[in-house]
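Structural features, examined
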Amino acid sequence: MISPFVWMLLSSVKPTREVLSSPPTWWPQQFTGEHFRSLFERLDLGTYLANSVFVAVAVTVGNMVFCSMLGYVLAKLSFRGRRLLFGLVMGMLMVPGMVTFVPLFILVSNAGGLANTYSGLILPYLVQPVGVFLMRQFISELPDELIDAARVDGAGELRIFARIVVPLCGPALATLGIITFLGSWNNFLWPLVVAQTEDMYTMPVALALYSVGQNSIDYGLLLAGAVVVVVPVLLLFTFLQRHFTQGIATTGFR
């Protein structure tokens, strides 16, 4: 599992001829920084990284807020149609993304011209069913007595959610944040279709477009860019690893 990442890192500092050599070599015979230098010279790296960070953070924060709110509603509030609503969420988990891709693009394009905007990149992924399911399962395990005591003291549902439920959902929110950030950071097809000018490209789109020429592929540039893309995700996971493991271990399935 680790070997492709190690090979990617080592190959990013190899000369192009050695990257393409057969049989492939693991340890570089000659170290070079030409690919990283080319990455910074040929690409507007700051813009692409800023776009990726902004979109990924906005999508992650949106999912953490809205998925936890809907998860609380489905887990702790009684109302007519709750089972049907949860069934719809579960049904959405079974629908492949490619089935809704074209209708979603048409909707975004016709809804006030959101194509080639940050709103078009963010809004379709602001709430995802897997996040709602994860938060609902975690919140359903919280003691009902805590919430009932807060209601007896006169707290409203919004205050209960913000002051009691959210502080107890740290592991689940960390898990949701990592999963969502990773998916948004690596998302390629949707930004490729929606972002129509260079200033709106995210990092995966820019790497794919600029590393592939008319007759050849610049594998060195692609590998160097892949290293730059992977590092933030590794840092995020390392920082939140304890919460991620705890969130997976303590999420119930009743």
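Read on for an overview of the structure. (Residues numbered from 1 in each chain as written. Predicted model: local features only at pLDDT ≥ 70, side-chain atom pairs only at ≥ 80, totals over all residues. Heavy atoms only, no water.)

In terms of nonpolar packing, the biggest core is built from 28 residues, with Leu39, Leu43 and Met203 touching the most fellow members. Of all the secondary structure elements, the ones that give two or more residues to this core are α4 (45-76), α6 (97-110), α7 (118-122), α11 (170-186), α12 (189-194), α13 (203-211) and α14 (219-250). With residues up to four places along the chain from it excluded, the contact list for leucine 39 reads Leu45, Met203, Leu207, Leu221, Ala224, Gly225 and Val228. Among the nonpolar cores identified, the runner-up in size contains 23 residues, and Val89, Ile160, Phe161 and Ala172 belong to it. (Core = buried A, V, L, I, M, F, W, Y, C linked by side-chain atoms within 4.5 Å. Buried < 20%, exposed > 50% of the residue type's maximum accessible area, 1.4 Å probe, protein only. Helix = DSSP H or I, 4+ residues; strand = E, 2+ residues; numbered from the N terminus. Contact = heavy atoms within 4.5 Å.)

Here the largest pocket defines a volume of roughly 470 Å³. What lines the largest pocket is a set of 17 residues, among which Gly97, Thr100, Pro124, Tyr125 and Pro129 lie closest to the centre. Contributing elements (two or more residues each) for the lining of the largest pocket: α5 (82-93), α6, α8 (129-139) and α12. With five residues, α6 is the largest single contributor of residues to the lining of the largest pocket. (1 Å grid on protein atoms, 1.4 Å probe; cavity = no way out; pocket = protein on both sides within 12 Å on 5 of 7 lines; lining within 4 Å. Points joined across faces, edges and corners; volume = space filled by probe spheres on them.)

Okay, the packing of helix α9 (residues 144-152) against helix α10 (residues 157-168) next. Closest axis-to-axis distance for the α9/α10 pair is 10 Å, and the angle between their directions is 145 degrees. Two packed elements cross with a definite hand, and for α9 against α10 that hand is right-handed. Contact residues: Leu146, Ile147, Ala150 and Arg151 in α9; Glu157, Ile160, Ile164, Val165 and Leu168 in α10. Of the residues in the contact of α9 with α10, the class split is seven nonpolar, no polar and two charged. (Axes fitted to C-alpha atoms, helices over the stretch in contact; angles between N-to-C directions. Left-handed = near helix turned anticlockwise from the far one by under 90°. Nonpolar A, V, L, I, M, F, W, Y, C, P; charged D, E, K, R; others polar.)

Before going further, it helps to examine the environment of serine 11. Tracing the backbone shows serine 11 in helix α1 (residues 3-11). Separated by 14 residues in the primary sequence, serine 11 and threonine 25 place their C-alpha atoms 8.7 Å from one another. For serine 11, the residues in contact, after removing those within four places along its chain, are Val19, His35 and Leu223.

Next up on the list: the environment of phenylalanine 138. Relative to the helices and strands, phenylalanine 138 resides in helix α8. Taking the relative accessible area as the measure of exposure, phenylalanine 138 reaches 8% and is therefore buried. Spatially, the C-alpha atoms of phenylalanine 138 and leucine 168 are 9.7 Å apart, while their sequence positions differ by 30 residues.

Here we come to the packing of aromatic side chains. Here the structure, examined in full by the defined rule, presents nine aromatic pairs. Consider the rings of tyrosine 125 and tryptophan 190, whose centres lie 6.1 Å apart with planes at 70 degrees: the pair is edge-to-face. Here tyrosine 125 is found in the loop between α7 and α8, whereas its partner tryptophan 190 is found in helix α12, with 65 residues between them in sequence. Relative accessible area serves as the criterion here: at 1%, tryptophan 190 is assigned to the buried category. Look at phenylalanine 181 and tryptophan 185: their rings are 5.6 Å apart centre to centre, the planes differ by 15 degrees, and that puts the pair in the stacked class. Taken together, the residues span about one helical turn, with phenylalanine 181 and tryptophan 185 both in helix α11 at a distance of four residues. For the pair phenylalanine 181 and tryptophan 185, one class covers both residues: buried. Grouping aromatic residues by their ring pairs yields a cluster made of Phe101, Phe105, Tyr125 and Trp190. (Phe/Tyr/Trp six-rings, centres within 6.5 Å; stacked < 30°, edge-to-face > 60°.)

The tally for this structure, following the rule as stated, stands at three salt bridges. Among the salt bridges present, the one from aspartate 144 reaches lysine 76, with a minimum N-O distance of 2.5 Å. With aspartate 144 in helix α9 and lysine 76 in helix α4, this residue pair connects regions lying 68 residues apart in the sequence. Looking at lysine 76, the relative accessible area reads 11%, which means it is buried. Residues participating in the shared-partner salt-bridge network are Asp148, Arg151 and Glu157. (Salt bridge = Lys/Arg side-chain N within 4 Å of Asp/Glu carboxyl O.)

This part covers the state of the cysteines. Joining two cysteines, a disulfide is a covalent bond between their sulfur atoms. In this structure the tally under the stated criterion is zero disulfides. Of all cysteine sulfurs in the structure, the one in cysteine 169 sits closest to cysteine 67, which takes part in no disulfide; the separation is 12 Å. Looking at cysteine 169, the relative accessible area reads 1%, which means it is buried. (Disulfide = S-S within 2.5 Å.)

Taken together, Val53, Val57, Val61, Val65, Phe66, Met69 and Val127 make up a surface patch of nonpolar side chains, about 520 Å² in accessible area. Here valine 61 is to be found in helix α4. For valine 61, a relative accessible area of 45% gives the class partly exposed. (Patch = residues over 30% accessible without salt bridge, like charges linked within 9 Å, V, L, I, M, F, W, Y side chains within 5 Å. Areas by Shrake-Rupley, 256 points an atom, 1.4 Å probe, with all protein chains shown as cover.)

What follows is about the side chain of asparagine 63. For asparagine 63, the position within the fold is in helix α4. Here the side chain of asparagine 63 touches tyrosine 125 through a polar contact of 2.8 Å, landing on its backbone oxygen. Only 3.1 Å separates the side chain of asparagine 63 from the backbone nitrogen of glutamine 128, close enough to count as a polar contact. Aside from chain neighbours lying at most four places away, what touches asparagine 63 is Ser68, Tyr125, Leu126, Val127, Gln128, Leu176 and Thr180. (Polar contact = N/O pair within 3.5 Å; in protein donor to acceptor, adjacent residues only side chain to side chain.)

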